[in-house]
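Tertiary structure, described
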Amino acid sequence: MNSSPSFGLSSLLVASGGAAGAWLRFATGRAWQALAPAPATAFPWATLTANVLGCLCMGLLVGVLARHGQGGDGWRLLLGVGVLGGYTTFSAFALEFTLFVQRGLLGLAAGYVALSLLAGFAALFGGLLLTRGPA
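Residues numbered from 1 in each chain as written. Predicted model: local features only at pLDDT ≥ 70, side-chain atom pairs only at ≥ 80, totals over all residues. Heavy atoms only, no water.

The name given to the protein in an unreviewed UniProt entry is Fluoride-specific ion channel FluC, with the source organism recorded as Novosphingobium piscinae. Taken verbatim from the UniProt record of the protein, the Function (unreviewed entry) comment is "Fluoride-specific ion channel. Important for reducing fluoride concentration in the cell, thus reducing its toxicity." Under the Sequence similarities (unreviewed entry) heading, UniProt states for the protein: "Belongs to the fluoride channel Fluc/FEX (TC 1.A.43) family." (UniProt positions renumbered as here; feature names shortened; annotations may be inferred.)

Quick look at the structure:
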């Protein structure tokens with residue numbers, strides 16, 4: 001995968017990678033259910049595992065693509081956007097935060113984390129309120 005793929009090929013790469021990542025996320029959850037004792041499953045170990053492994057894989061991918069320079073668009077789409085996006089979007093969040101920090105934009109990095117968490121939680125609670133109605 002040497003040059004920027006067309007929109008159609010890009011879409012195929014992202015969609016197929018996303019399907020694989022979603023299945024990997026499902027398999028991670030099933031593995032924790034099978035391996036962990038019942039009380040341990042009360043903690044979201046599968047989500048934590050997906051987030052940490054996804055971040056490790058994103059770091060490895062970005063490092064390898066940076067080392068090899070140009071021509072990694074197809075791999076970035078398949079693995080970074082597709083597989084890792086389907087497995088966990090936390091890896092993309094962590095990468096964006098890290099890029100802000102590396103560029104010395106610490107205020108923007110902190111604001112991004114705060115806004116992401118606060119807006120995300122507010123949106124989730126808002127969705128619950130909209131579907132459940134007032135308590």
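The structure having been displayed, the exposition proceeds.
A few points about the packing of aromatic side chains
What the rule picks out here adds up to five aromatic pairs. Between the aromatic rings of Phe-90 and Phe-93, the centroid separation amounts to 5.6 Å while the plane-to-plane angle is 50°, which identifies the pairing as tilted. With Phe-90 and Phe-93 both in helix α4 (residues 90-102) and three residues apart, this pair spans about one turn of that helix. Judged by its relative accessible area of 38%, Phe-90 is partly exposed. (Phe/Tyr/Trp six-rings, centres within 6.5 Å; stacked < 30°, edge-to-face > 60°. Helix = DSSP H or I, 4+ residues; strand = E, 2+ residues; numbered from the N terminus. Buried < 20%, exposed > 50% of the residue type's maximum accessible area, 1.4 Å probe, protein only.)

Overview of the UniProt feature "transmembrane region" (unreviewed entry) in the protein
With numbering aligned to this structure, UniProt lists the feature "transmembrane region" (unreviewed entry) at residues 45-65, 77-100 and 106-130. With 92% helix and 0% strand, residues 77-100 has its two end C-alpha atoms placed 21 Å apart. Each end of residues 106-130 is marked by a C-alpha atom, and these two atoms are 35 Å apart; helix forms 100% of the span and strand 0%.

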